[in-house]
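Structure at a glance
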Amino acid sequence: MSKKTKILVVDDDEKIRKIMRYFLEKEGYEVYIAADGEEALRVIPVQQPDLILLDLMMPKVSGPEVIARLGEARDHIPIIILSAKGEEIDRIAGFRLGVDDYMTKPFSPVELSLRIKAVLRRVYKGSSKAADKPIIHGDLCIDNPSHKVTIKGEEIALTGKEYDLLLLLASNPGQVYTRMELLQRIWESDYEGDKKTVSVHIHRLRKKIESSASSLQYINTVHGIGYRFEGLPCGGRE
């Protein structure tokens, strides 16, 4: 089973949120909801959506404020604005925020679905070269196209799940993942298993990539929460 694309719907209109959730889930997306910009900023770092549908005029934190406060993370998440403002000057202002598309309310759910697919295709195509680049942390190198992992040039044999787990963590150094988040991301979003599965795989992974169990270089435990990958400069610690 392939992982579902995550979409975050941010809109202060409850009726619109319900309609969009119903339609997008029927289309096969994993849908998260935020009633305002403040809630969206809490949801985004936790759920890490693949795309955001963002209303502009909202209480507490507006759409433009959400985009501004996302900072560098904004570069990795495509955004489609959904706004009641449909004048040309409004659309131009929206695109100047750096969004990927702009739709005026009311809109057709079918057209929205087509716009989402078009944006995701563009983003995927544009990031394919970056995905081909090796991920290097200290002596650890992950070559994603070949699924090859090496330490100091020596290849390390990993199982499929061990590789997926390492790739996710190493691609997001400093990001803390709970065991449940890792379980859902690596063992598929609808997997209902024991969180100990994650701990077992982390233990096996550490035995293969860490030089010392008492002095961990790469995968650290954040007690009471989960795990974090430590980004290292090439050649080891400074």
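Rules used in this analysis
Residues numbered from 1 in each chain as written. Predicted model: local features only at pLDDT ≥ 70, side-chain atom pairs only at ≥ 80, totals over all residues. Heavy atoms only, no water. Buried < 20%, exposed > 50% of the residue type's maximum accessible area, 1.4 Å probe, protein only. Helix = DSSP H or I, 4+ residues; strand = E, 2+ residues; numbered from the N terminus. Contact = heavy atoms within 4.5 Å. Polar contact = N/O pair within 3.5 Å; in protein donor to acceptor, adjacent residues only side chain to side chain. Axes fitted to C-alpha atoms, helices over the stretch in contact; angles between N-to-C directions. Parallel < 35°, antiparallel > 145°, perpendicular 65-115°, else oblique. Nonpolar A, V, L, I, M, F, W, Y, C, P; charged D, E, K, R; others polar. Pairing = 2+ DSSP bridges.

**What about helix H2 (residues 37-47)?**
Taken as a whole, H2 has its buried residues at Gly37, Ala40, Leu41, Val43 and Ile44. Check the buried side of H2 and you find it contacts strand E1 (6-10), strand E2 (30-34), strand E3 (51-55) and helix H3 (63-70). Structurally, the start of H2 carries an N-cap: the backbone nitrogen of Glu38 is 3.0 Å from a side-chain oxygen of Asp36. Backbone geometry just after H2 places Gln48 at a positive phi near 50 degrees.

**Notes on the packing of helix H6 (residues 160-171) against helix H8 (residues 196-209)**
If you want to describe how two helices pack, look at the angle between their axes and the distance between the axes. The contact between H6 and H8 brings their axes to 10 Å, and the two run at 80 degrees. With respect to H8, the element H6 is oriented roughly perpendicular. Facing H6, whose interface residues are Lys161, Glu162, Leu165, Leu166 and Leu169, H8 presents His201, Ile202, Arg204, Leu205, Lys208 and Ile209. Each residue belonging to the contact of H6 with H8 can be placed in one class, and the counts come to 6 nonpolar, 1 polar and 4 charged.

**A look at the side chain of His137**
Here His137 shows up in strand E6 (residues 135-137). A polar side-chain atom of His137 sits 3.0 Å from the main-chain carbonyl oxygen of Ala170.

**Some thoughts on the sheet that holds strand E12 (residues 226-229)**
What links the strands of a sheet is backbone hydrogen bonding, and the strands pair in either a parallel or an antiparallel sense. Spatial strand order, E10-E12-E11: 3 strands in an open sheet with antiparallel pairing. The sheet is open, and its two borders are formed by strand E10 (176-178) and strand E11 (219-222), each paired with just one other strand. Pairs of neighbouring strands in the sheet enclose a mean axial angle of 30 degrees, with direction left out of account. Here 4 bridges tie E11 to E12, and the two strands are oriented antiparallel to one another. Bridge pairing in E12 places Thr221 opposite Tyr227. Most of the contacts of H6 go to E12, to which it runs at about 65 degrees, and overall it touches E10, E11 and E12. Strands E11 and E12 of the sheet are contacted by H8, whose axis makes an angle of about 145 degrees with E11.

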